[in-house]
Amino acid sequence: MKEQFTVYLEPDLMKALTNYAERRRKPKSLVAEAAIASFLSPDASERQEAALARRLDRITRQMERLERDIGISAETIALFIRFWLMATPAMSEQTHTAARAKGGERYEGFMQALGRRLAKGPSFIQEVSLDIGSTGATRSETKVELTQSSE
């Protein structure tokens with residue numbers, strides 16, 4: 001046998017309770033009873049802790065992917081700069097102006113190609129991840145291979 005209990009609620013809370021009960025097609029007393037039981041249950045804090053742990057794990061995985069992606073980007077830029085510095089001869093003053101103009105043209109072409117690449121589909125980082133995954137190489141092994149091939 002159930003006992004009767006009278007509760008006074010704020011108008012906004014009562015409206016939320018009414019709306020929820022109507023959406024679920026359940027009596028307000030049943031919704032309130034379930035909410036009170038959930039609030040008083042000893043495992044409520046454990047469920048909250050588990051949900052928080054899942055969220056933190058997801059955020060940790062996202063941060064690890066970001067760290068990996070930034071590492072790949074930094075290695076890529078460093079490798080490009082190294083090759084560029086090794087392959088680019090010093091310029092005289094006369095060729096400097098023409099080289100700047102040509103560099104501007106090349107930069108515009110690069111930006112257009114980058115825009116097309118970003119709009120197209122899989123990113124370079126995804127391609128590298130897939131390549132590494134299919135060869136079974138680890139990131140450190142790939143780094144060693146890239147370093148050895150650049151020497």
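Residues numbered from 1 in each chain as written. Predicted model: local features only at pLDDT ≥ 70, side-chain atom pairs only at ≥ 80, totals over all residues. Heavy atoms only, no water.

Moving on, we come to the packing of aromatic side chains. All chains considered together, the criterion is met by 1 aromatic pair. Aromatic side chains Tyr-107 and Phe-110 sit 6.4 Å apart centroid to centroid with 35° between the ring planes, which places their arrangement in the tilted category. One end of the pair is Tyr-107 and the other is Phe-110, both in helix α4 (residues 93-120) and 3 residues apart, which spans about a single turn. By relative accessible area, which is 48% here, Phe-110 ends up partly exposed. (Phe/Tyr/Trp six-rings, centres within 6.5 Å; stacked < 30°, edge-to-face > 60°. Helix = DSSP H or I, 4+ residues; strand = E, 2+ residues; numbered from the N terminus. Buried < 20%, exposed > 50% of the residue type's maximum accessible area, 1.4 Å probe, protein only.)

Turning next to unusual backbone geometry. Even without being glycine, Arg-25 reaches a positive phi, approximately 55°. Here Arg-25 is to be found in the loop between α1 (11-24) and α2 (28-40). Given a relative accessible area of 78%, Arg-25 falls into the exposed group.

Moving on, we come to the pattern of salt bridges. Applying the stated criterion to the full structure yields 3 salt bridges. A salt bridge links Arg-68 to Asp-69, with the shortest nitrogen-to-oxygen separation between them at 2.8 Å. Here Lys-102 makes a salt bridge to Glu-105, at a shortest N to O gap of 3.6 Å. Taken together, the residues Lys-102 and Glu-105, both in helix α4 and 3 residues apart, mark about one turn of the helix. (Salt bridge = Lys/Arg side-chain N within 4 Å of Asp/Glu carboxyl O.)

Along the chain, Val-31 falls in helix α2. Between the C-alpha atoms of Val-31 and Thr-18, which are 13 residues apart in sequence, the distance is 9.3 Å. When sequence neighbours within four positions are dropped, the list of residues in contact with Val-31 reads Leu-17, Tyr-20, Ala-21 and Lys-26. (Contact = heavy atoms within 4.5 Å.)

With that settled, consider the confidence of the model for the protein chain. For the protein chain, mean pLDDT is 81; residues scoring 70 or higher make up 83% of the total. Mean pLDDT in the protein chain bottoms out at helix α6 (residues 139-150), which sits at 46, and peaks at α1, which reaches 93. Predicted confidence is poor over residues 142-151, with pLDDT under 50, and the contacts of this stretch with residues over four places away or in other chains come to 9 contacts. (pLDDT = per-residue confidence, 0-100.)

As a further point, take a nonpolar patch on the surface. On the surface, Leu-52, Leu-56, Ile-59, Met-63, Leu-66 and Ile-70 cluster together into a nonpolar patch covering about 590 Å² of accessible area. Here Ile-59 shows up in helix α3 (residues 44-87). (Patch = residues over 30% accessible without salt bridge, like charges linked within 9 Å, V, L, I, M, F, W, Y side chains within 5 Å. Areas by Shrake-Rupley, 256 points an atom, 1.4 Å probe, with all protein chains shown as cover.)

To continue, consider the packing of α1 against α2. It is the contact of α1 with α2, at a shortest axis distance of 9 Å, that shows an interaxial angle of 110°. Overall, the two elements α1 and α2 adopt an arrangement that is roughly perpendicular. Of α2, the residues touching α1 (which contributes Met-14, Leu-17, Thr-18, Tyr-20 and Ala-21) are Lys-28, Val-31 and Ala-32. Partitioning the contact of α1 with α2 into residue classes produces 6 nonpolar, 1 polar and 1 charged. (Axes fitted to C-alpha atoms, helices over the stretch in contact; angles between N-to-C directions. Parallel < 35°, antiparallel > 145°, perpendicular 65-115°, else oblique. Nonpolar A, V, L, I, M, F, W, Y, C, P; charged D, E, K, R; others polar.)

In this structure, the largest pocket encloses a volume near 630 Å³. What lines the largest pocket is a set of 17 residues, and nearest its centre among them are Val-7, Ser-29, Ala-32, Glu-33 and Ile-36. For the lining of the largest pocket, the secondary structure elements donating two or more residues are α1 and α2. It is α2 that contributes the most residues to the lining of the largest pocket, 7 residues altogether. (1 Å grid on protein atoms, 1.4 Å probe; cavity = no way out; pocket = protein on both sides within 12 Å on 5 of 7 lines; lining within 4 Å. Points joined across faces, edges and corners; volume = space filled by probe spheres on them.)

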